[in-house]
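# Structure at a glance
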Amino acid sequence: MTEKITVALAGNPNVGKTSIFNAITGSKQHVGNWPGVTVERKIGKKVHNDVMMEIVDLPGTYSLTAYSLDEIIARDFIIEEKPDVVVQVIDATNLERNMYLTTQLMELGVRLVIALNMTDLALAKGDNIDEKKMQEFLEVPVISTIGSKGNGIEGLLDAVTDELHKTRVTENVFNYDDQIEENVEKLGVILDSDPYFAHYPSRWFSLKLLEGDENIIKKARESDSYPEIQKILNQTDAETLEAKVADQRYKTIQTMLKQVCNINTCRLTGSD
Ligand code: GDP
Ligand code: MG
Ligand code: K
């Protein structure tokens, strides 16, 4: 019997998501809106390696915070609908910025496959990205694509179906300083012992609480464990923590970039 799965396409705006979506699904797509809002939702179908895939094109986002509707739609879909695989489409000419979303998808604990797109433009710029090393660093499959030409799509779909039968996933490529990790651990203990939170990846949820994510705090308030959670949050400062978490994510990204890029050409924009 054919296996049925859901595959979500995530990525920053203008990275080639829709091009890849079109290359995968051809004319088999349906355009509507996300429930309750006028943000366009595209769904398409594709059978590959005997797997029936429903492909969902998520709104383009730089992050998965609660600051914008697009970001909330994307993350709620991932958390509530639990797609079997998330494909993040990355603009290879802008790795550092694109990888910020990768850090968050990895923390959400999804089965992730990376489509390293715009590789034609990266090459033309002289950027030499070693996707094997990138794959080793992240422990996530990385497939080069040129979305506008439909190049690399077969390999991308193979990676998606291969992923289905692997045991899941490292979440801890991105580590934070001891103080943050300690609080993540304390909150994790509370979340793991309360069935209300069974649904959520607890490391991710803990970090979001510490970062003061309003949408997540609202969810936590409805649980019986909230007084305990609040005790920990009262001892921390969300604004400082949010900045620290972002800073430490970029540090890890830069460590990765040094390993995967030709150092002369793959420019680092942040502090070094
Ligand atoms: P989205 O906003 O992520 O859905 O991006 P689109 O699929 O709309 O693509 C944005 C632009 O980049 C379009 O003009 C595409 O034709 C172009 N594009 C997409 N993929 C590639 C690629 O791999 N190489 C090049 N050179 N252009 C691409
Ligand atoms: Mg698009
Ligand atoms: K959990």
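Counting restarts for each chain: residues are numbered from 1 in the order of the written sequence. Here chains are named by letter from A upward and ligands by number from 1 upward, in the order in which they appear as written. This being a predicted model, a pLDDT of at least 70 is required before a residue's local features are given, and a value of 80 or more before pairs of side-chain atoms are given or counted; all residues contribute to the totals for chains, interfaces and linings. As a rule here, side-chain values come from all non-hydrogen atoms in the structure, and water together with hydrogens is ignored.

### Digging into the site of ligand 1
Throughout, the term near means that a residue has one or more heavy atoms lying within 4 Å of the molecule or strand in question. Asn 14, Lys 17, Thr 18, Ser 19 and Asp 120 are the nearest of the 13 residues found near ligand 1. The backbone of Asn 14 places a nitrogen or oxygen atom 2.8 Å from an oxygen atom of ligand 1. Between an oxygen atom of ligand 1 and a main-chain N or O atom of Val 15, the distance comes to 3.1 Å. In short, Shrake-Rupley with a 1.4 Å probe defines the accessible areas, and a residue's cover is counted only from the protein chains shown. Taken by itself ligand 1 offers 580 Å² of open surface, and the protein chains cover 68% of this. Secondary structure elements follow DSSP: runs of H or I of four or more residues count as helices, runs of E of two or more count as strands, with numbering from the N terminus. Residue assignment for the shell around ligand 1 shows that the elements contributing at least two residues are α1 (17–25) and α4 (119–125). Top element by residues in the shell around ligand 1 is α1. It accounts for three residues. Here the nonpolar group is Ala, Val, Leu, Ile, Met, Phe, Trp, Tyr, Cys and Pro; Asp, Glu, Lys and Arg are the charged ones; every other residue, Gly included, is treated as polar. Of the residues belonging to the shell around ligand 1, the class tally is four nonpolar, seven polar and two charged. Any pair of N or O atoms that falls within 3.5 Å is considered a polar contact. Within protein, one atom must be able to donate a hydrogen and the other to accept it, and sequence-neighbouring residues count only if both atoms are side-chain atoms.

### Re the side chain of Thr 102
Mapped onto the elements of the fold, Thr 102 is located in helix α3 (residues 95–107). Assessed through its relative accessible area of 0%, Thr 102 is described here as buried. Here's how the labels work: a residue is buried when its accessible area is under 20% of the maximum for its type, exposed when over 50%, partly exposed in between, all with a 1.4 Å probe on protein chains only.

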